[in-house]
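# Per-entry structural report
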Amino acid sequence: MAAQLTATGYAAKAAVAAASAAQAPGGTAGDLRDLQHELFAARRAVVMFGNNVNQAAATFNATGQLPDWAADAVRLCVEAVTRLDEVISRIDRQLR
């Protein structure tokens, strides 16, 4: 059955199976869901930053100058990483 799935499909199926089998510690399913949403949002921000980096690199290669918005993109990346650090800290506190 696994051979018929894409790598993404297999990973998704395995993640759903693992989540279904696991009990949230101390009834914290809502908290874990909130943390999951935070991680998804942070991931989207990092992906968007990666797209911005590609666009900035293309502009730099073509013109020799970074676009005006490059500093804002770096600031947003720092904010996304800070959010990830906060979520990781919250997860760490819940696991202790």
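Residues numbered from 1 in each chain as written. Predicted model: local features only at pLDDT ≥ 70, side-chain atom pairs only at ≥ 80, totals over all residues. Heavy atoms only, no water.

### Examining the overall build of the protein chain
When you go through the protein chain residue by residue, the secondary structure sums to three helices and zero strands. Out of the 96 residues belonging to the protein chain, those deemed buried represent 11%. Put simply, 63% of the contacts in the protein chain that link residues at least 6 apart link residues at least 24 apart. When the accessible surface of the protein chain is summed, it comes to about 7400 Å², and 59% of that surface belongs to carbon and sulfur atoms. (Helix = DSSP H or I, 4+ residues; strand = E, 2+ residues; numbered from the N terminus. Buried < 20%, exposed > 50% of the residue type's maximum accessible area, 1.4 Å probe, protein only. Contact = heavy atoms within 4.5 Å. Areas by Shrake-Rupley, 256 points an atom, 1.4 Å probe, with all protein chains shown as cover.)

### Observations concerning the environment of Gln55
Secondary-structure assignment places Gln55 in helix 2 (residues 29-63). With relative accessibility at 44%, the residue Gln55 sits in the partly exposed group. Considering only alpha carbons, one finds Gln55 and Leu66, 11 residues apart in sequence, at a separation of 9.6 Å.

### Details of the pattern of salt bridges
In total, this model carries three salt bridges according to the counting rule given. Notably, a salt bridge pairs Glu38 with Arg83, separated by 3.5 Å at the nearest N-O pair. Separated by 45 residues along the polypeptide, Glu38 in helix 2 and Arg83 in helix 3 (residues 70-95) bring together distant segments of the chain. On the basis of relative accessible area, Arg83 is assigned to the partly exposed category, the value being 31%. (Salt bridge = Lys/Arg side-chain N within 4 Å of Asp/Glu carboxyl O.)

### A word on helix 2
Taking 1.5 Å per residue, 35 residues should reach 51 Å; helix 2 reaches 51 Å between its end C-alpha atoms and fits that length. Listed as buried for helix 2 are Leu35, Ala41, Ala42 and Ala56. Looking at the buried side of helix 2, the elements it contacts are helix 3. Among the residues trailing helix 2, Gly64 stands out with phi positive, at a value near 80°. (Expected span 1.5 Å × (residues − 1).)

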